[in-house]
Number of protein chains: 2
Amino acid sequence: MSENLTLETRPSHLNGLDVAAAMATIAALKADKSLARFQFRARNQWIKGGENRSTIQGFYGAGQEDSSRVEPFEFTNGEPPVLLGNNEGANPVEFLLHALAGCVTTTFVLHAMARGITIQELSTELQGDIDLQGLLGLDESVPAGNERIDIKLHVTADCPDEVLDDLLAYAQQHSPVCNIVCWPVPVVVERVRPDPKN
Amino acid sequence: MSENLTLETRPSHLNGLDVAAAMATIAALKADKSLARFQFRARNQWIKGGENRSTIQGFYGAGQEDSSRVEPFEFTNGEPPVLLGNNEGANPVEFLLHALAGCVTTTFVLHAMARGITIQELSTELQGDIDLQGLLGLDESVPAGNERIDIKLHVTADCPDEVLDDLLAYAQQHSPVCNIVCWPVPVVVERVRPDPKN
């Protein structure tokens, strides 16, 4: 993280972020790297067919369990009729695009702040091409995931184009979700056997 | 996709899926592989700080633009206070867990149907450990994404344990989102320059 902001010049807020709080967080993580260890969680319940629902609330981070969320977030996966559902919700591959869009955006905005850049407007358009022969197991040579994901990013800010391009490359390299998509992350699935007493 | 269901024995619905419709879809895709090509999309608008919102509606698949969704789905990314937000929504890494949970679940349920297995209950618990030194660029040797993602899957069904384990391995291999996480998918980001006439 480059930090162009000095104590003398920095505003109280930049891009909607509390600059002093951000700098204090960075300083705390530098002093104690274990504070940077987070664990995020989701619980999901199948309903029927392609419909299922996640609840997301607690997580561990900055050295403790978080208790800031009084109510859980709930999100429903569904499928459109052409994929045997009733549009009960967006489908999982669409939720992944939402996660990717948000992560690249937040990473861009955060590092813009660290560089003293004011973002005026920022939006993205994503598209992911996928061949469902992979999901269906009709052709094992076809990958089940997207072949590629394209993001068009529209941004206006108070800096030259070349600075924006450098910031965008940095954000892409440092976005957690973009990294999860671009690089292999092991997924370990364990089937939990029912308690025999039940 | 293994198909244990014969015309004589198959029920009208299994695991909440219309079996005849599913079999007709599979037959159509086998006859014309181009029908398996889908493109999913999302548009995202930054609001402030770590808050941004996606709209998801149209997609291309089965040879045409889909028009089944009258209204778009909307989802808001946010961050908790410890990450400089106000819990405006779940954060992108949590949405990724939701997408992964849903995709593994739907893939499992779909292939259970194809094998003639009735699922009675299915739920998952996910956790993803992540070191935010990567996101913040404090240590370039730390990956920005999750080190790994763990899924505990609870399932009861009308088949032996070894059949469930085989089905689970198959679902993990054929789930689109699980593949996107486990294998590299290129993300191509293009900055769209504003129209100079504006």
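These lines cover the structure that appears in this document, whether it is placed above or below. Keep in mind that what you see is a predicted model, and the values were worked out from it rather than measured. (Residues numbered from 1 in each chain as written. Chains lettered and ligands numbered in written order. Predicted model: local features only at pLDDT ≥ 70, side-chain atom pairs only at ≥ 80, totals over all residues. Heavy atoms only, no water.)

Points about the overall build of chain A
Logical step 1: Within chain A, the secondary structure is distributed over five helices and ten strands.
Logical step 2: Structurally, chain A occupies a C-alpha span of about 60 × 45 × 30 Å along its principal axes.
Logical step 3: In chain A, which comprises 198 residues, the proportion classed as buried is 54%.
Logical step 4: Of the contacts made within chain A by residues no fewer than 6 positions apart, 49% connect residues no fewer than 24 positions apart.
Logical step 5: For chain A, the centre of its 15 positive side-chain charges and the centre of its 27 negative side-chain charges are spaced 10 Å apart. (Helix = DSSP H or I, 4+ residues; strand = E, 2+ residues; numbered from the N terminus. Buried < 20%, exposed > 50% of the residue type's maximum accessible area, 1.4 Å probe, protein only. Contact = heavy atoms within 4.5 Å. Lys, Arg positive; Asp, Glu negative; His and termini not counted. Charge placed at Lys NZ, Arg CZ, Asp CG, Glu CD.)

Some words on helix α2 (residues 92-114) of chain B
Residues and elements named next belong to chain B.
Logical step 1: In this model α2 runs 33 Å from its N-terminal to its C-terminal C-alpha over 23 residues, within 8% of the 33 Å that 1.5 Å per residue would give.
Logical step 2: Burial within α2 is extensive, with 23 of its 23 residues counted as buried.
Logical step 3: A positive backbone phi angle near 80° is found at G116, which sits one or two residues after α2. (Expected span 1.5 Å × (residues − 1).)

Examining the interface of chain A and chain B
Logical step 1: Listed per partner, the contact involves 127 residues of chain A and 127 residues of chain B.
Logical step 2: Approximately 11600 Å² of surface area, both sides summed, lies buried where chain A meets chain B, with 61% of it carried by carbon and sulfur atoms.
Logical step 3: Area buried by chain A at its contact with chain B is led by A:F40, A:W46 and A:R191, which between them contribute 7% of it.
Logical step 4: For the pair chain A and chain B, the interface holds 16 salt bridges.
Logical step 5: Two residues, A:D165 and B:R191, come together in a salt bridge whose shortest N-O distance is 2.7 Å.
Logical step 6: For the pair chain A and chain B, the interface holds 61 residue pairs in polar contact (both at pLDDT 80 or more).
Logical step 7: Along the lines of polarity and charge, the residues of the side of chain A that touches chain B split into 64 nonpolar, 39 polar and 24 charged.
Logical step 8: Here strand β8 (residues 119-131) of chain A pairs with strand β3 (residues 37-48) of chain B via nine bridges, running antiparallel. Considered in β3(B), the bridge of A:S123 is made with B:Q45. (Buried area = accessible area lost by both parts, 1.4 Å probe. Salt bridge = Lys/Arg side-chain N within 4 Å of Asp/Glu carboxyl O. Polar contact = N/O pair within 3.5 Å; in protein donor to acceptor, adjacent residues only side chain to side chain. Nonpolar A, V, L, I, M, F, W, Y, C, P; charged D, E, K, R; others polar. Pairing = 2+ DSSP bridges.)

Some thoughts on unusual backbone geometry
All names here are of chain A.
Logical step 1: Positive phi outside glycine occurs at N15, with the angle close to 60°.
Logical step 2: A relative accessible area of 7% places N15 in the buried class.
Logical step 3: Even without being a glycine, A62 presents a positive backbone phi close to 55°.
Logical step 4: You can see A62 is positioned in the loop between β5 (60-61) and β6 (64-65).
Logical step 5: Look at A62 and you get partly exposed, because its relative accessible area is 26%.

Brief notes about the relation of the copies chain A and chain B
Logical step 1: For the pair chain A and chain B, the best superposition has an RMSD of 0.0 Å and corresponds to a rotation of 180° with a translation of 0.0 Å parallel to the axis. Taken together, the rotation angle and the small translation identify this as a two-fold axis.
Logical step 2: Looking at chain A, 100% of its interface residues are interface residues in chain B too, so the copies touch through the same face. (Least-squares fit on C-alpha atoms with pLDDT ≥ 70 in both.)

Thoughts on the environment of A:F95
Logical step 1: With respect to the helices and strands, A:F95 occurs in helix α2 (residues 92-114).
Logical step 2: Accessibility expressed as a relative area gives 0% for A:F95, which makes it buried.
Logical step 3: Separated by 20 residues in the primary sequence, A:F95 and A:F75 have C-alpha atoms spaced 9.6 Å apart.
Logical step 4: The residues touching A:F95, leaving out its near neighbours within four places in the chain, are A:F75, A:T76, A:N77, A:A90, B:F75, B:F95, B:H98 and B:A99.

Thoughts on the environment of A:D131
Logical step 1: With respect to the secondary-structure elements, A:D131 resides in strand β8.
Logical step 2: The buried category is assigned to A:D131, whose relative accessible area is 9%.
Logical step 3: Aside from chain neighbours lying at most four places away, what touches A:D131 is A:V142, A:P143, A:E147, B:A36 and B:R37.
Logical step 4: Within the local environment of A:D131, its side chain forms a polar contact with the backbone nitrogen of A:Q133, the two atoms lying 3.0 Å apart.

Description of the packing of α2(A) against helix α4 (residues 161-174) of chain A
All names here are of chain A.
Logical step 1: Where α2 meets α4, the axes come as close as 9 Å, and the angle between the chain directions of the two elements is 125°. With respect to α4, the element α2 is oriented oblique. For α2 against α4, the interelement crossing comes out right-handed. Within the contact between the two elements, α2 uses V104, T107, F108, H111 and A112 and α4 uses L164, L167, L168, Y170, A171 and H174.
Logical step 2: Its residues assigned to classes, the contact of α2 with α4 shows eight nonpolar, three polar and no charged. (Axes fitted to C-alpha atoms, helices over the stretch in contact; angles between N-to-C directions. Parallel < 35°, antiparallel > 145°, perpendicular 65-115°, else oblique. Left-handed = near helix turned anticlockwise from the far one by under 90°.)

Some thoughts on the side chain of B:H111
Logical step 1: Examined against the element boundaries, B:H111 turns out to sit in helix α2.
Logical step 2: With a relative accessible area of 1%, B:H111 lands in the buried category.
Logical step 3: Other than its neighbours up to four places away in sequence, B:H111 contacts A:L135, A:L136, B:M1, B:L167, B:Y170 and B:H174.

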